[in-house]
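# Chains, contacts and geometry: an overview
Each chain, letter by letter, is given below.
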Amino acid sequence: MTRDYSQFMPQAKQTEVTLSTLDTLGWQPFFSQQLSIDDMTNTPPVRVTEVHRTVMRVIGQGIDKTIPSVADATVGDWLLLSADGTYSDTVLNRKSLMKRRAPGSDRAVQYIAANIDTAFIVTSCNQDFNVARLERYIAVAFEAEIDPVIVLTKRDLVADTTDFEAQARSISDLVPVIAIDARSDEPKAKLAEWCKPRRTVAFLGSSGVGKSTLANTMADRDIIATQGIRAADDKGRHTTTSRQLHLVPGGFAVLDTPGMRELQMTDVTAGIEDLFSDLQELSTQCKFRDCAHETEPGCAVRAAMDAGDIDEARMRRWKKLVAEDAYNSATLIQRRARDKAFGKLVRGVVKEKKR
Ligand SMILES: Nc1nc2c(ncn2[C@@H]2O[C@H](COP(=O)(O)OP(=O)(O)OP(=O)(O)O)[C@@H](O)[C@H]2O)c(=O)[nH]1
Ligand SMILES: [Zn+2]
């Protein structure tokens, strides 16, 4: 799950001198290992930096063009340029992939963003803060094989962040927690280890928590419009609606897509299992395979809870997340059948009451 490429990377000082376009684009050993030296010259890699309805923008070493969309490729993907100057359909193996199922009736899988290294899960030290919501984002990141980092913004607006930090830290040992004032210089030092050459990051979280402010602070320039700027737009339009990979000169890449900002919870079974691995493991020891961990005899989860080994509130959030994922991941037909059965049940109960 946790991937560390730092051992392969030159020290920061040296990279600044020798930084190539590929480094700024997020090129890593993971990708170069998929190509031979000959491939690098004959079919140079390019990264998809923008996705529009029918075309994509791709950038590589000395290459910057708009090409017809390649099926199955999404923003953040690496493609290979063919010898004749067209683009082959070769999409390099991905380090990570965020996907979701389309809301339509066929529920086709859509690729949202590829090859993000770190997802900053942003929430503020105020009413936005919610452990269950953070757990959802973390499950989504784990599912996509992206390393999550929790960022608590607006720490300048509260007297003390200890309680917020403690709650965030209790979620998972695998997820670092950082509290900051996003508008100050503070993020630069605190998020530096993830925002460096050859890395791709994304900022996830609710509206208004400071995602754009953070991205701009880290990039040292306005790469994503903040709410303040958007408010000045007299049509009140959101300015960032395309799927885009922003390249920070001398540094890292920021992937921003509208579909990623909103929380999409479908098919994240593996992500939930990663985040709640302890409960998952315990539940395999329950007597019944479909144990709901309520009043069933031989329930290992209940026993651990009674012994004070696990937190009941966390157990409830886990169950809710599993149920939600199952519901969202069901096909429309499955869902309709279930809703119908539920409707019958409700009507039955109502009749019962009327009598
Ligand atoms: N005091 C304080 N204000 C902040 C902080 N971070 C962001 N803000 C302010 O909060 C408002 C919203 O910030 P944005 O960066 O636009 O939030 P966002 O998450 O990008 O919002 P969306 O683009 O709608 O998703 C702006 O007015 C920021 O100046 C912080 O750490 N402290
Ligand atoms: Zn059980």
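Residues numbered from 1 in each chain as written. Chains lettered and ligands numbered in written order. Predicted model: local features only at pLDDT ≥ 70, side-chain atom pairs only at ≥ 80, totals over all residues. Heavy atoms only, no water.

## Some points on the coordination of the zinc ion (ligand 2)
The zinc ion (ligand 2) binds to the protein through Cys 286 (SG), Cys 291 (SG), His 293 (ND1) and Cys 299 (SG); the donor distances cover 2.1 to 2.4 Å. One way to put it: the four donor atoms around the zinc ion (ligand 2) meet at angles of 104 to 116 degrees, and that makes the site tetrahedral. Counting along the primary sequence, the residues that act as donors to the zinc ion (ligand 2) give the motif C-x4-C-x1-H-x5-C. For the pair formed by His 293 and Cys 299, the shared burial category is buried. (Donors = N, O, S within 2.8 Å, 3.2 Å for Na, K, Ca; no water. Tetrahedral: all angles 85-135°; square planar, octahedral: opposite > 155°, others 65-115°. Buried < 20%, exposed > 50% of the residue type's maximum accessible area, 1.4 Å probe, protein only.)

## What about the packing of aromatic side chains?
In the structure shown here, the tally under the stated rule is seven aromatic pairs. Taking the centre distance of 5.3 Å and the plane angle of 90 degrees together, the rings of Phe 30 and Phe 31 count as edge-to-face. Overall, Phe 30 belongs to the partly exposed group, its relative accessible area being 23%. (Phe/Tyr/Trp six-rings, centres within 6.5 Å; stacked < 30°, edge-to-face > 60°.)

## Considering the UniProt feature "binding site: Zn(2+)" (unreviewed entry) in the chain
When the UniProt feature table is mapped onto this chain, "binding site: Zn(2+)" (unreviewed entry) is found at Cys 286, Cys 291, His 293 and Cys 299. Within the secondary structure, His 293 sits in the loop between helix H12 (277-283) and helix H13 (300-306). The class of His 293 is buried, set by a relative accessible area of 7%. Setting aside its immediate chain neighbours within four residues, His 293 contacts Ser 283, Cys 286, Cys 299, Val 301, Arg 302, Met 315 and Trp 318. A polar atom in the side chain of His 293 sits 3.5 Å from the backbone oxygen of Cys 291. Within the fold, Cys 299 resides in the loop between H12 and H13. The residues contacting Cys 299, other than those within four sequence positions of it, are Cys 286, Cys 291 and His 293. (UniProt positions renumbered as here; feature names shortened; annotations may be inferred. Helix = DSSP H or I, 4+ residues; strand = E, 2+ residues; numbered from the N terminus. Contact = heavy atoms within 4.5 Å. Polar contact = N/O pair within 3.5 Å; in protein donor to acceptor, adjacent residues only side chain to side chain.)

## Section: the packing of helix H5 (residues 131-144) against helix H14 (residues 312-329)
Direction vectors running N to C along H5 and H14 enclose 50 degrees, while the axes themselves pass 11 Å from each other. As summarised for this structure, H5 and H14 are arranged oblique, according to the angle between their axes. H5 and H14 meet at a crossing whose hand is right-handed. Residue-level inspection shows Val 131, Ala 132, Glu 135 and Arg 136 of H5 in contact with H14, the latter providing Arg 314, Arg 317, Leu 321 and Glu 324. Residues of the contact of H5 with H14, tallied by class, amount to three nonpolar, no polar and five charged. (Axes fitted to C-alpha atoms, helices over the stretch in contact; angles between N-to-C directions. Parallel < 35°, antiparallel > 145°, perpendicular 65-115°, else oblique. Left-handed = near helix turned anticlockwise from the far one by under 90°. Nonpolar A, V, L, I, M, F, W, Y, C, P; charged D, E, K, R; others polar.)

## Thoughts on the pairing of strand S8 (residues 118-124)
Consecutive side chains of a regular strand alternate in pointing toward one face of the sheet and then the other. Across the seven residues that make up S8, a large majority, seven, are buried. Every second residue of S8 is oriented toward a common face, with Thr 118, Phe 120, Val 122 and Ser 124 on one face and Ala 119, Ile 121 and Thr 123 on the other, all of them buried. As paired strands, S8 and strand S9 (residues 147-153) are joined by seven bridges and run parallel to one another. From the neighbouring strand, Val 122 faces S9, where its bridge partner is Val 151. Read as a crossover between parallel neighbours, the route from S8 over H5 to S9 is right-handed. Across four bridges, the pairing between S8 and strand S11 (residues 200-204) is parallel. (Pairing = 2+ DSSP bridges. Right-handed = clockwise from strand over helix to strand, strands pointing away.)

## With respect to the environment of Met 265
Within the secondary structure, Met 265 sits in the loop between helix H10 (258-261) and helix H11 (269-275). Residue classification places Met 265 among the buried residues on the basis of a relative accessible area of 5%. C-alpha of Met 265 to C-alpha of Arg 136: the two residues are 129 residues apart in sequence and 7.5 Å apart in space. Ignoring any residue separated from it by four or fewer positions in sequence, one finds Met 265 in contact with Arg 136, Val 140, Leu 321, Glu 324, Asp 325 and Asn 328.

## What to know about helix H8 (residues 211-219)
When you tally the buried positions in H8, you get eight out of nine residues, the bulk of the element. Every buried residue belonging to H8 is among Lys 211, Ser 212, Leu 214, Ala 215, Asn 216, Thr 217, Met 218 and Ala 219, and all of these are buried. Phi turns positive one or two residues past the end of H8, at Asp 220, with a value near 70 degrees.

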